[in-house]
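Descriptive structure summary
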Amino acid sequence: MDMQSLSGGFTNPPQDSSRAFRAALETLARPGTIHDISGAKAPAPVSEAAATLILTLCDPETPIYLAGAHDTPDIRDWVAFHIGAPLVGPEQAMFALGTWEALFPITVFPIGTPEYPDRSTTLIVEMDALNQDGMRLSGPGIKDSAMLALPDLAPFQMNAGLFPLGLDFYFTAGTRLAGLPRTTNVSDLMEAN
Amino acid sequence: MNKMNPTPSQDEAPDSAARKAWMSVLAKSNPKDLNAAITAYGALPAFDWLRRPEIGGVMVRGRMGGTGTAFNLGEMTATRCSLRLETGEVGHAYVQGRDTRHAEQAAIVDAMMQGPNAAAVQAAVLTPLSERLAAQRVKRAEKAAATKVDFFTMVRGED
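The text that follows walks through the structure, step by step, so that each part is easy to find.

Rules behind the numbers
Residues numbered from 1 in each chain as written. Chains lettered and ligands numbered in written order. Predicted model: local features only at pLDDT ≥ 70, side-chain atom pairs only at ≥ 80, totals over all residues. Heavy atoms only, no water. Helix = DSSP H or I, 4+ residues; strand = E, 2+ residues; numbered from the N terminus. Rg over C-alpha atoms; globule rule 2.2 N^0.38 Å. Buried < 20%, exposed > 50% of the residue type's maximum accessible area, 1.4 Å probe, protein only. Areas by Shrake-Rupley, 256 points an atom, 1.4 Å probe, with all protein chains shown as cover. Lys, Arg positive; Asp, Glu negative; His and termini not counted. Charge placed at Lys NZ, Arg CZ, Asp CG, Glu CD. Pairing = 2+ DSSP bridges. Axes fitted to C-alpha atoms, helices over the stretch in contact; angles between N-to-C directions. Parallel < 35°, antiparallel > 145°, perpendicular 65-115°, else oblique. Contact = heavy atoms within 4.5 Å. Nonpolar A, V, L, I, M, F, W, Y, C, P; charged D, E, K, R; others polar. Phe/Tyr/Trp six-rings, centres within 6.5 Å; stacked < 30°, edge-to-face > 60°. Lys NZ or Arg CZ within 6 Å of the ring centre and 35° of its normal. Core = buried A, V, L, I, M, F, W, Y, C linked by side-chain atoms within 4.5 Å. Expected span 1.5 Å × (residues − 1). Polar contact = N/O pair within 3.5 Å; in protein donor to acceptor, adjacent residues only side chain to side chain.

Overview of the overall build of chain A
- A count of helices and strands for chain A gives seven helices and nine strands.
- Radius of gyration (C-alpha) of chain A: 16 Å, near the 16 Å computed for a compact globule of 193 residues.
- Seen through its C-alpha atoms, chain A measures out along the principal axes to roughly 55 × 30 × 30 Å.
- The 193 residues of chain A split such that 48% are buried.
- Entry remark: accessible area of chain A is about 8700 Å², with carbon and sulfur atoms responsible for 53%.
- Side-chain charges in chain A split into 10 positive and 22 negative, and the spacing between the mean points of these groups amounts to 9 Å.

Section: the sheet that holds strand 9 (residues 185–188) of chain A
Residues and elements named next belong to chain A.
- The three strands lie next to each other as 6-5-9, forming an open sheet whose pairing is antiparallel. Taken across any chain shown, the strands that pair with only one partner, and hence form the sheet edges, are strand 6 (146–148) and strand 9. Across the sheet, the mean angle separating the axes of adjacent strands is 35 degrees when strand polarity is ignored.
- Pairing geometry for strand 5 (residues 135–138) and strand 9, over four bridges, is antiparallel.

With respect to the packing of helix 2 (residues 13–29) of chain A against helix 3 (residues 48–57) of chain A
All names here are of chain A.
- Viewed as axis vectors pointing N to C, helix 2 and helix 3 meet at an angle of 100 degrees, and their least axial separation amounts to 9 Å. Between helix 2 and helix 3, the crossing angle belongs to the class labelled roughly perpendicular. For the pair helix 2 and helix 3, the contacting residues are Ser17, Ala20, Phe21 and Ala24 in the first and Thr52, Leu53, Thr56 and Leu57 in the second.
- Of the residues contributing to the contact of helix 2 with helix 3, the split by class is five nonpolar, three polar and no charged.

Some details on the packing of aromatic side chains
Residues and elements named next belong to chain A.
- In the structure shown here, the tally under the stated rule is eight aromatic pairs over all chains.
- On the numbers, 6.3 Å between centres and 55 degrees between planes, the contact of Trp100 with Phe169 is tilted. You can see Trp100 sitting in helix 5 (residues 100–103) and its partner Phe169 sitting in strand 7 (residues 168–173), a full 69 residues away along the chain.
- With a centroid separation of 6.0 Å and an interplanar angle of 65 degrees, the aromatic rings of Phe156 and Phe171 are classed as edge-to-face. With Phe156 in helix 6 (residues 154–161) and Phe171 in strand 7, the pair connects residues that are 15 residues apart, well separated along the chain.
- Sitting over the face of the ring of Tyr116, Arg119 holds its NZ or CZ atom 3.8 Å from the ring centroid.

Section: the environment of Ala24 of chain A
Residues and elements named next belong to chain A.
- Counting through the fold element by element, Ala24 comes out in helix 2.
- Sequence spacing of Ala24 and Ile37 is 13 residues, and the spatial spacing of their C-alpha atoms is 8.6 Å.
- Setting aside residues up to four positions removed in sequence, Ala24 forms contacts with Leu53, Tyr170 and Leu177.

What about the environment of Ser7 of chain A?
- Locating Ser7 of chain A in the fold gives a position in the loop between helix 1 (3–6) and helix 2.
- When the C-alpha atoms of Ser7 of chain A and Met127 of chain A are compared, they prove to be 24 Å apart, with 120 residues separating the residues in sequence.
- Not counting residues within four places of it along the chain, the set of residues in contact with Ser7 of chain A comprises Lys41, Trp78 and His82 of chain A together with Leu50 of chain B.

What about the pairing of strand 1 (residues 47–63) of chain B?
Residue and element names in this part refer to chain B.
- In the sheet, strand 1 pairs with strand 2 (residues 70–85) via 14 bridges, with the strands oriented antiparallel. Considered in strand 2, the bridge of Phe47 is made with Leu85.
- Connecting strand 1 to the next strand, strand 2, in antiparallel fashion are six residues, including Gly65 with a positive phi near 70 degrees.

Concerning the nonpolar core
Residues and elements named next belong to chain A.
- Of all hydrophobic cores here, the largest spans 27 residues; its most connected members are Leu123, Leu150, Phe169 and Phe171.
- Among the elements of the structure, helix 5, strand 4 (122–126), strand 5, strand 6, strand 7 and strand 8 (176–180) are those that each provide at least two residues to this core.
- A total of three residues in this core trace back to one element, the largest contributor, which is strand 7.
- Within the second largest apolar cluster, 26 residues are counted, among which are Ile54, Trp78, Ile83 and Leu97.

A closer look at helix 3 (residues 100–112) of chain B
Residues and elements named next belong to chain B.
- Here helix 3 contains 13 residues, and its C-alpha end-to-end distance of 18 Å stays within 8% of the 18 Å for a straight helix at 1.5 Å per residue.
- Most of helix 3 is tucked away, with eleven of its 13 residues classed as buried.
- Along helix 3, the residues classified as buried are His102, Ala103, Glu104, Gln105, Ala106, Ala107, Ile108, Val109, Asp110, Ala111 and Met112.
- Residues of helix 3 that are buried make contact with helix 1 (16–28), helix 2 (31–41), strand 1, strand 2, strand 3 (90–96) and helix 4 (118–146).
- Its side-chain oxygen placed 3.1 Å from the backbone nitrogen of Arg101, Asp99 serves as the N-cap of helix 3.

Right, dumping it as structure tokens:
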């Protein structure tokens, strides 16, 4: 295990994780807003926002799926030392981390059951950039409508149609964080006009 | 506080059996004894925290007779921390109880035992501590032996 996998935890865990948790709540409560979170650094290619998010949300009882280029020995060691979460395949994952291309198709992730809709996966999608343009969002937590650049359209529309089941999404780029819960309806700006 | 997982195995450790032995001595020693031994050793190197001391519970498991199926004996309070000396050695500590200073000192000694001054640390800190632990064990065994009752059966005269 090399140094990179042992360093990069929170400097002040109670405060850093509380701030990050607040930001994580806000982003899902108000889809379309973008928050800054920082404090944790995982080996590349994990962004600072994604590292902070999994360090805040995951523990030994939340299985994580590392997709594609995010499944490296360094990152596995980092998760083992700082979080202790079991690493599993997409079918058992409570959290999944990767780029949109690596996570696709998202139909393999559990969407919960009617009795327990919370037993679904939260996807943390690493993006090159986060912008408030592109797709039009509407639904709970959004006054009128909001805008967010999403990597795709149809899968998110299908996911919203599964409500009360379905997946929840976080989008991360650098230290920026955005969220898309299953309650949000997504439409193309062109179609909406 | 979340449940603690054992720290991942260290491939680069010089000899994991020897390291297990000294970590065990550090964890079992009385914090006061450890503090005294470290003070006697002298100046400690500077270090950075990798994981600040945190207090949590570990499930102690046992096997009946050492061979049966595992059962949960009970939860125990433990403190753990990890640090890196300025010379680069990484030290880990898991100690019983909620004494964060104990965990910190145990991790420093663990890291120093992997460095160039291992022999000096061994002589100044670990040898006195393990002798003390051994003495405590003998004392306890003697105390228990003094209460031993030997049962015997008189010849019953049937033959």
